[in-house]
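# Inside the fold
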Amino acid sequence: MSREELIERVKEIIAQEAKISLNGVQLDTRLEDINIDSLDMIEVALALEKSFNITIVTTELLQFETFGDVIAELERKLSHS
Amino acid sequence: MIENHKHSVRRVVITGLGVVSPLGSSVSDFWAGLLEGRSGVKTITDFDLSQCRTRIGAQVVDSDLDAQFSRKTLRRLSRASQLALIAGAQAIEDSGLDQTDCDFNNVGVVVGSSIGGFTAAEPFYRRYFDDGTANPLIIPVVMNSAPASNLSIRFGFKGPIMNIDAACASSAHAIGYAFNLIRFGVVNTVLAGGADSALSPGVIQAWSSLRTLSERNENPSGACRPFSLDRDGMVLGEGSGILVLESELSACNRNARIYAEITGYGAASDSYHLTKPSAQGLGEVMRLALASAGVAPEETDYINAHATGTLWNDKTETDAIKDVFGSCASEIPVVGIKAAIGHSIGASGALELISCVLSIRDSVIPPTINLNIPDPDCNLDYVTEGKRARIVTHAMSNSFAFGGSNAAIVVSRYIPCSPETPKS
């Protein structure tokens, strides 16, 4: 999966779980600025875990501040799997 | 002897009302339905109850309800929270409560909700037991304190907020507690009332298996028959009633319209049985409420009864009223409106108190519907002929709960008393 494909796939998952549009979202976009709160991120993490067959522990989840943080962590996990 | 605090504490008035009910999603629709003697009880078709002895309920049937929330917001709101937010918005608008003349840091929210968490939990747990998925929203959606919290978050009230769960008396106690918060000077304003939904397959089945529900599935609107010899149980429902309570000074300072004054609150326990009421316990809260209001039994113009339509409640409540009101018991109209709006558990007391406020405002009391056959054990004046014109100066609203937690509230016509009356 290319980086672009990963980004699109994660955008789809976030849009689905948080019921929002991610049009125009950049890597440095802060999650709270697009109305994604801690409850949304718990649901997003659950969906990412299922979709990519990975584990996101709570301490990692709490450190996601930007969309790019999520992508970087997924890339790190996927490169080890 | 209960000390009468009436003149040493602040007066508490009602300046806003909001209602979502099976008779309509506004105060005016609710009131018109009650006065016309309509019933909001229908056959439930939203889910399968074919294995249940009872298949009727009093649903809020407003088709626009969901449309008032975004898809994202809706997922985070139990039915009880949705109903609370809609009724709360009505009450706030009705009272004209605004940050320009009211410090929202000093506004509390006290809501009674008791069964809504059970109903909200069902789809979550069904999924969990089916495929192991535990939705992270379960706790924030299901917790019974969510209606109060959602009201605080939505409108920015930063005073004390809490849920009061005392089963069927939850919102009566919520209003009583809010009354005390204002009366004793903790806060000036409280959004108080109840919001609850008892309508889900598991909850209806649970109450049915306890043999508390009417099984007249073939006649939904005639099913619940308070004080009637042929009564066979209550009908579950849902709804929300929210009131804006304020100190008299706060209301007068902002020129708010005052509907009525809460003058008395009685709270006590049967200390007897989890499901069977005690006439002594029911009578005790009526006495306490009258004493705290400084109202004599013979000054009471109207009693809105708990009147569930169960065999035990209606007879026990009648006995308690006779004991407390003595020779004047037969002179006081006693009305049960649960035949019309069902029993919404945590919301019932608030909806019933709002009907008392409207009786004071309009000098008319609604009928007890479906009382077809008089019961020799229930021989008070239950207003069966239809709505009745009556000047109501003092009304009592009774709420009695499983577990023996009982409440009675006295609400009175507001009469400014000079020279203590604050300048507006």
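As the structure is a prediction and not an experimental result, all values here were calculated from the model.

With that out of the way, let us pick up the overall build of chain B. Scanning chain B for helices and strands turns up 13 helices and 14 strands. On C-alpha atoms alone, chain B measures out to a radius of gyration of 20 Å, which is about the 22 Å that the 2.2 N^0.38 rule sets for 424 residues. Dimensions along the principal axes, computed over C-alpha positions, put chain B at roughly 65 × 55 × 40 Å. When the 424 residues of chain B are sorted by exposure, 63% land in the buried category. Within chain B, counting contacts between residues at least 6 apart in sequence, those at least 24 apart form 79% of the total.

A few words on the overall build of chain A. Across its full length, chain A holds four helices and zero strands. Going from the N terminus to the C terminus, chain A shows its helices and strands as α-α-α-α. For a compact globule of 81 residues, the expected C-alpha radius of gyration is about 12 Å, and chain A comes in at 11 Å, within 12% of that figure. With the C-alpha coordinates aligned to their principal axes, the bounding extent of chain A is approximately 30 × 25 × 20 Å. Long-range pairs, those at least 24 residues apart, make up 60% of the contacts in chain A with a sequence separation of at least 6. When the accessible area of chain A is evaluated, it comes to approximately 4700 Å², of which 47% is carbon and sulfur surface. Taking the average place of the 8 positive charges on the side chains of chain A and the average place of its 17 negative ones, the gap between the two points comes to 4 Å.

A few words on a nonpolar patch on the surface. Taken together, Tyr125(B), Tyr128(B) and Phe129(B) make up a surface patch of nonpolar side chains, about 360 Å² in accessible area. Checked against the element boundaries, Tyr128(B) lands in helix H4 (residues 116-131).

This part covers the side chain of Lys72(B). Tracing the backbone through its elements, the reader meets Lys72(B) in helix H2 (residues 71-75). Residue class for Lys72(B) comes out buried when judged on its relative accessible area of 12%. At 2.5 Å, the side chain of Lys72(B) and the backbone oxygen of Asn35(A) are in polar contact. What Lys72(B) contacts, discounting residues up to four positions off in sequence, is Ala18(A), Lys19(A), Ile20(A), Asn35(A), Ile36(A) and Asp40(A).

This brings us to the environment of Glu284(B). All names here are of chain B. Structurally, the position occupied by Glu284 is in helix H10 (residues 279-293). Look at Glu284 and you get partly exposed, because its relative accessible area is 35%. Measuring from C-alpha to C-alpha, the distance between Glu284 and Ala268 comes to 7.1 Å, with 16 residues separating the pair along the chain.

As a further point, take the side chain of Thr318(B). All names here are of chain B. On the secondary structure map, Thr318 appears in helix H11 (residues 311-325). Within the local environment of Thr318, its side chain forms a polar contact with the side chain of Tyr382, the two groups lying 2.9 Å apart. Those residues in contact with Thr318 that sit more than four places away from it in its chain are Phe227, Asp377, Cys378, Asn379, Leu380 and Tyr382.

Residues and elements named next belong to chain B. Between helix H1 (residues 27-36) and helix H13 (residues 348-362), the shortest axis-to-axis distance is 11 Å and the interhelical angle comes to 80°. Here H1 is positioned roughly perpendicular relative to H13, judged by the angle of their axes. In this structure, H1 uses Val27, Phe30, Trp31 and Leu34 to contact H13, whose residues at the interface are Leu351, Ile354, Ser355, Leu358, Ser359, Arg361 and Asp362. A breakdown of the residues in the contact of H1 with H13 according to their chemical character gives seven nonpolar, two polar and two charged.

For the rest of this paragraph, the subject is the interface of chain A and chain B. Contacts between chain A and chain B engage 13 residues on the former and ten residues on the latter. When the area that chain A buries against chain B is broken down by residue, the three leading residues are Lys19(A), Leu39(A) and Glu43(A), summing to 59%. Joining chain A to chain B, the criterion identifies four salt bridges. Salt-bridge contacts for Asp40(A) lead to Lys72(B); the nearest nitrogen and oxygen are separated by 2.6 Å. In this assembly, chain A and chain B are joined by five residue pairs in polar contact (both at pLDDT 80 or more). When residues of the side of chain A that touches chain B are traced back to their parent elements, those giving at least two are helix H1 (3-18) and helix H2 (38-52) of chain A. For the side of chain A that touches chain B, the element with the most residues is H2(A), which contributes six residues.

Below, the discussion takes up H1(B). All names here are of chain B. Buried within H1 are the following residues: Val27, Phe30, Trp31, Gly33, Leu34 and Leu35. The inward-facing, buried residues of H1 abut strand E1 (12-20), helix H3 (79-95), helix H12 (338-341), H13 and strand E11 (364-365). Phi turns positive one or two residues past the end of H1, at Gly37, with a value near 75°.

Cut-offs used in this document
- Residues numbered from 1 in each chain as written.
- Chains lettered and ligands numbered in written order.
- Predicted model: local features only at pLDDT ≥ 70, side-chain atom pairs only at ≥ 80, totals over all residues.
- Heavy atoms only, no water.
- Helix = DSSP H or I, 4+ residues; strand = E, 2+ residues; numbered from the N terminus.
- Rg over C-alpha atoms; globule rule 2.2 N^0.38 Å.
- Buried < 20%, exposed > 50% of the residue type's maximum accessible area, 1.4 Å probe, protein only.
- Contact = heavy atoms within 4.5 Å.
- Areas by Shrake-Rupley, 256 points an atom, 1.4 Å probe, with all protein chains shown as cover.
- Lys, Arg positive; Asp, Glu negative; His and termini not counted.
- Charge placed at Lys NZ, Arg CZ, Asp CG, Glu CD.
- Patch = residues over 30% accessible without salt bridge, like charges linked within 9 Å, V, L, I, M, F, W, Y side chains within 5 Å.
- Salt bridge = Lys/Arg side-chain N within 4 Å of Asp/Glu carboxyl O.
- Polar contact = N/O pair within 3.5 Å; in protein donor to acceptor, adjacent residues only side chain to side chain.
- Axes fitted to C-alpha atoms, helices over the stretch in contact; angles between N-to-C directions.
- Parallel < 35°, antiparallel > 145°, perpendicular 65-115°, else oblique.
- Nonpolar A, V, L, I, M, F, W, Y, C, P; charged D, E, K, R; others polar.
- Buried area = accessible area lost by both parts, 1.4 Å probe.

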